[in-house]
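# Structural overview
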Amino acid sequence: MSIKRALVSVSNKEGIVPFVQQLVELGVEVVSTGGTKKALEEAGVDVIGISEVTGFPEILDGRVKTLHPNIHGGLLAMRESNDHLEQLQKHNITPIDLVVVNLYPFQQTIAKPDVTFADAIENIDIGGPSMLRAAAKNHTHVTVVVDPADYETVIAQLKEDKKVAVETRKKLAAKVFRHTASYDAVIAEYLTKEVGEEHPESLTVTFEKKQDLRYGENPHQKAAFYRKPLGPTTSIAQAEQLHGKELSYNNINDADAAVAIVKEFQEPAVVAIKHMNPCGVGVGETIEQAYDKAYAADPVSIFGGIIAANQEIDRDTALKMKEIFLEIIIAPSFTAEALEILTTKKNLRLLTLPIEKANKAELKITTIHGGALVQEEDTYGLDEATISVPTKREPTEEEWKALKLAWKVVKHVKSNAIVLAKNDMTIGVGAGQMNRVGAAKIAIEQAGQEAKGAVMGSDAFFPMSDTVEEAGKAGITAIIQPGGSIRDEDSIAKANELGIAMVFTGVRHFKH
């Protein structure tokens, strides 16, 4: 299948002039439109205007120029069909063997902060996807290129074999359908949000590949990392890596969990994560103080952990971080001195992310075998909750401070979850247990003697009074939990008996 005629119409003009110049040198006749035609002609490339092929002018401000039988007949004709070839001859239609098209920049348009709805609509490409789909459908006979990265491959094969290999055409066609599907998905999401549809009858999402990964959760699992177009700036998918080896599948999951927790705090805060659960969270007047507390919360589990900080890492904090093995440190920035210190550890990943910036909640999509679950992110905070104190004793000011920290953290711990807090830090975490009292016992055991005078946070209500009883034995003085159990009175009575202040929030924070 030699290439005699090409149709070229691109918004992204990267590399288009040298590519088309080489096509012309190979004897290919080039048809072009609008701005692409102008750019090629200015470069001295001889091209045919689209109106010369269609016999019809571009109309409606360029909305209609390629939607014509002389174009789509040339694209869709099956060259092995005598009937198709006779029809082309009858209607004076020349076959098109190569299509080079990329689309109006819809995504870039809606990314602009001042974009209007009219601007967005005007940047929905119609003719481009139609040509791409037609050429891709007929890839047995037509080569179609949507990505400038493929120009070199096409030219190399044409120079060597005078044609593009069928397997290459098939791969390029598959890329086209991925590209147009992604393009339509972004448009569909934009319009769905515009009309306020929360759960449409079909959900189409698209992600762009950020990188291939060495493997998934385990070495025998293949994996890759994708990011959402126009996704939130505080997503780990948008982080800039300053140093260290590439991220692994588990690194990314853990980093995402760390960032989610540290974003809960306005004051200087540091979060240490292992296996997507916090092993230490600390707050302080400085980021160094916050790190000291996060480290002291669990100096064993932090080894090999992921660290997220919501303020710049300075020299003194970096010196302390350097002393232990950490996988990743994520922060809004690092001072020059901190970078000099931490980059001496060649495998330590250093990432920057504008953690301090607020983002709107995203839809959370969790895949299951053969399906998906979609829900809003859990951004519900204590300020939005309906707080009540059902016990005789109310929390002291110091207990309130610790209760708020425990509540912010327990929301991000796998259920059933219990978090103990004291002195601006977590001191015990019970995660992912099959019963709540079991989670409490783990957190209390981890805290040891520090449990005395600490507070407890629970992600869900107490189905019976046994968790309160365990808290009392450990010397815990205050508890925060959603309430709402049919046996709440048992827990309240036990708390009163033990002198424990208990707060109900009315909000559950299950995390599976």
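These figures come from a predicted structure and were not determined experimentally. (Residues numbered from 1 in each chain as written. Predicted model: local features only at pLDDT ≥ 70, side-chain atom pairs only at ≥ 80, totals over all residues. Heavy atoms only, no water.)

### So, unusual backbone geometry
To be explicit about the condition: For helices the rule is a DSSP run of H or I covering at least 4 residues; for strands it is a run of E covering at least 2, with both sets numbered from the N terminus onward. Only protein chains enter the accessibility calculation, which uses a 1.4 Å probe; a residue whose area is less than 20% of its type maximum is buried, one above 50% is exposed, and one in between is partly exposed.
In this structure, Asn416 follows Ser415 across a cis peptide bond, with omega equal to -10°. Residue Lys162 is not a glycine yet carries a positive backbone phi of 65°. Along the chain, Lys162 turns up in the loop between α9 (151-161) and α10 (166-194). Given a relative accessible area of 59%, Lys162 falls into the exposed group. Residue Asp424 is not a glycine yet carries a positive backbone phi of 65°.

### Details of a negative patch on the surface
Note the threshold: What goes into a patch is any residue over 30% in relative accessible area without a salt bridge, connected to like charges within 9 Å or, for nonpolar side chains (Val, Leu, Ile, Met, Phe, Trp, Tyr), within 5 Å. For accessible areas, the Shrake-Rupley method is used with a probe of radius 1.4 Å. Any residue's cover is judged against the shown protein chains and nothing else. In the sections that follow, a salt bridge refers to a side-chain nitrogen of Lys or Arg positioned within 4 Å of a carboxyl oxygen of Asp or Glu. Neither His nor the chain termini are counted; the positive set is Lys and Arg, and the negative set is Asp and Glu. Lys charges are placed at NZ, Arg charges at CZ, Asp charges at CG and Glu charges at CD.
Taken together, the side chains of Glu197, Glu198, Glu201 and Glu376 present a region of like negative charge at the surface. You can see Glu198 is positioned in the loop between α10 and β6 (208-213). Since its relative accessible area comes to 60%, Glu198 is described here as exposed.

### Observations concerning the side chain of Arg349
Heads up, the rule is: Two N or O atoms count as a polar contact when they lie within 3.5 Å, although within protein this holds only if one can serve as hydrogen donor and the other as acceptor, and sequence-adjacent residues are included solely when both atoms are side-chain atoms. Only heavy atoms matter for contacts: two residues are in contact if any of them lie within 4.5 Å across the pair.
Checked against the element boundaries, Arg349 lands in strand β13 (residues 349-352). Given a relative accessible area of 2%, Arg349 falls into the buried group. A polar contact is formed between the side chain of Arg349 and the backbone oxygen of Glu246, at a distance of 3.1 Å. When residues no more than four places from it in sequence are discounted, the contact partners of Arg349 are Arg214, Gln241, His243, Gly244, Lys245, Glu246, Leu247, Ser248, Asn251, Glu327, Ile328 and Ile329.

### Quick notes on empty space enclosed by the protein
Put simply, the rule is: Definitions used for this entry: grid spacing 1 Å over protein atoms alone; cavity, a set of points where a 1.4 Å probe fits but cannot get out; pocket, an open set with protein on both sides within 12 Å along at least 5 of 7 lines; lining residue, one with an atom within 4 Å of a point. Grid points are joined across faces, edges and corners, and a volume is the space filled by probe spheres set on the points. Three classes are used, and their members are as follows: Ala, Val, Leu, Ile, Met, Phe, Trp, Tyr, Cys and Pro are nonpolar, Asp, Glu, Lys and Arg are charged, and the others, Gly among them, are polar.
Scanning the entire structure with this criterion turns up one cavity of 30 Å³ or more. The calculated volume of the largest cavity comes to roughly 40 Å³. Lining of the largest cavity is provided by Ala185, Glu189, Thr204, Val205, Thr206, Phe207 and Lys228. Class assignment for the residues of the lining of the largest cavity results in three nonpolar, two polar and two charged.

### Focus: the nonpolar core
Quick reminder of the rule: Here, nonpolar core refers to any group of buried Ala, Val, Leu, Ile, Met, Phe, Trp, Tyr and Cys residues whose side-chain atoms link them within 4.5 Å.
Membership of the largest hydrophobic core comes to 47 residues, with the highest contact counts inside it found for Ile236, Phe265 and Ile330. Beyond its immediate sequence surroundings of up to four residues, Ile330 is in contact with Ile236, Ala255, Val259, Ile306, Ile307, Ala308, Ala309, Leu351, Leu353 and Ile355. Residues Ile48, Ile50, Ile71 and Leu132 belong to the second largest nonpolar core, which totals 28 residues.

### What about the environment of Thr426?
Along the polypeptide, Thr426 turns up in strand β17 (residues 425-430). Here the alpha-carbon distance between Thr426 and Pro278, two residues 148 residues apart in the chain, equals 9.1 Å.

### Some details on the side chain of Asn138
With respect to the helices and strands, the residue Asn138 is situated in the loop between α8 (127-137) and β5 (143-145). Looking at Asn138, the relative accessible area reads 6%, which means it is buried. A distance of 2.9 Å separates a polar atom in the side chain of Asn138 from the backbone oxygen of Ala77.

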